[in-house]
Structure formats: C-alpha cells, structure tokens
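One letter stands for each residue in the lines below.
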Amino acid sequence: MLSRREREELERIGGTLRDDDPELARAFGRGGPPRRWAGGRVLRRGLDMFAGVLIVLGLVTLNFGLVLLAAIVLVIAAFAHVQGWGDPWRSPSDHGDG
C-alpha cells in the first residue's frame, strides 16, 4: 500500500502527464502503446526514397537540377521526420476525457 505522500506524488505526476501529453496519458490508461497511423511513416519513407531516386537519376544523367531538387526534397523529408508528420493518430473514441 502506498503512503499518502506517495499517492499525492503519483496524482501530481499523472496530472502533469495529462496536461503535457494527453495521448500518452490515454495510452497508459488503455494499458498499451499510443496508437500510430502508418500513413505518416509511409509518407516520410516515400519522401526519402523519392529524394534518393532523384539523386541517383541526377548523378547518372549529370543533370544537377535533379540533384538540387533532391536536396530540396531531402530538406522537406528531414522536416517531416523532425515534426513527425502523421505520427499520432487518434481514433474518435480517444477524444473523450477518458
């Protein structure tokens, strides 16, 4: 059994978690990892592969315009990875208070 102080500390931590990351707090409440939408991961990997193909085509054909375009796509892909485009996906049942 937890002491009163320990229970209060856990409640404080839980409240902070609910405020900072509601999706993670709901995942803990469900007992599983946060739900993720695979489409975001596919989008980011697709951008990576598209940039790679552009680099190869640009180098093979000596068309440095394609290499420049690939660099721009890589910047967009890096931004997509950092921002996590499409990562957290919430089902309609997750929008409630819990």
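Residues numbered from 1 in each chain as written. Predicted model: local features only at pLDDT ≥ 70, side-chain atom pairs only at ≥ 80, totals over all residues. Heavy atoms only, no water.

Caption draft 1: Representation of helix 4 (residues 64–83) within the structure. Compared with the 28 Å implied by 1.5 Å per residue over 20 residues, the 29 Å span of helix 4 between its first and last C-alpha is a close match. What helix 4 keeps buried is the set Ala70, Val73, Ala77 and Ala80. Buried residues of helix 4 fall within an arc of 75° about the axis and therefore sit on the same side. Within helix 4, the exposed residues directed more than 90 degrees away from the buried face are Phe64, Leu68, Val75 and Val82. Its side-chain oxygen at 3.0 Å from the backbone nitrogen of Gly65, Asn63 defines the N-terminal cap of helix 4. Just downstream of helix 4 lies Gly84, where phi reads positive at about 70°. (Helix = DSSP H or I, 4+ residues; strand = E, 2+ residues; numbered from the N terminus. Expected span 1.5 Å × (residues − 1). Buried < 20%, exposed > 50% of the residue type's maximum accessible area, 1.4 Å probe, protein only. Arc of directions from axis to C-beta. Polar contact = N/O pair within 3.5 Å; in protein donor to acceptor, adjacent residues only side chain to side chain.)

Caption draft 2: Broad picture of the environment of Phe64. Counting through the fold element by element, Phe64 comes out in helix 4. Residues Phe64 and Leu54, ten residues apart in the sequence, show an inter-C-alpha distance of 9.9 Å.

Caption draft 3: Expanded view of the pattern of salt bridges. The full count for this structure, using the stated rule, is two salt bridges. In this structure, Arg4 and Glu8 form a salt bridge, with 2.8 Å as the shortest nitrogen-oxygen distance. With a gap of four residues between them, Arg4 and Glu8 both fall in helix 1 (residues 4–20), about one helical turn apart. Salt-bridge contacts for Glu9 lead to Arg12; the nearest nitrogen and oxygen are separated by 2.5 Å. Taken together, the residues Glu9 and Arg12, both in helix 1 and three residues apart, mark about one turn of the helix. (Salt bridge = Lys/Arg side-chain N within 4 Å of Asp/Glu carboxyl O.)

Caption draft 4: Local environment of the confidence of the model for the chain. Confidence along the chain averages 78 in pLDDT terms, with 77% of residues attaining 70 or more. Confidence, expressed as mean pLDDT per element, reaches its minimum in the chain at helix 2 (residues 22–30) with 74 and its maximum at helix 4 with 89. In this model, residues 90–98 is a region of pLDDT below 50 whose contacts with residues beyond four sequence positions or in other chains number ten contacts. (pLDDT = per-residue confidence, 0-100. Contact = heavy atoms within 4.5 Å.)

Caption draft 5: Quick look at the packing of helix 1 against helix 2. Between helix 1 and helix 2, the least distance of the axes is 5 Å, while the angle of their chain directions is 125°. Taken together, the axes of helix 1 and helix 2 lie oblique to each other. Counting all contacts with helix 1, which are made through Leu17, Arg18, Asp19 and Asp20, the residues of helix 2 involved are Pro22, Leu24, Ala25 and Phe28. In terms of residue class, the contact of helix 1 with helix 2 is made up of five nonpolar, no polar and three charged. (Axes fitted to C-alpha atoms, helices over the stretch in contact; angles between N-to-C directions. Parallel < 35°, antiparallel > 145°, perpendicular 65-115°, else oblique. Nonpolar A, V, L, I, M, F, W, Y, C, P; charged D, E, K, R; others polar.)

Caption draft 6: Main features of unusual backbone geometry. With a phi angle near 55°, Leu62 is a residue other than glycine that sits in the positive phi range. When you line up the elements, Leu62 lands in the loop between helix 3 (38–60) and helix 4.

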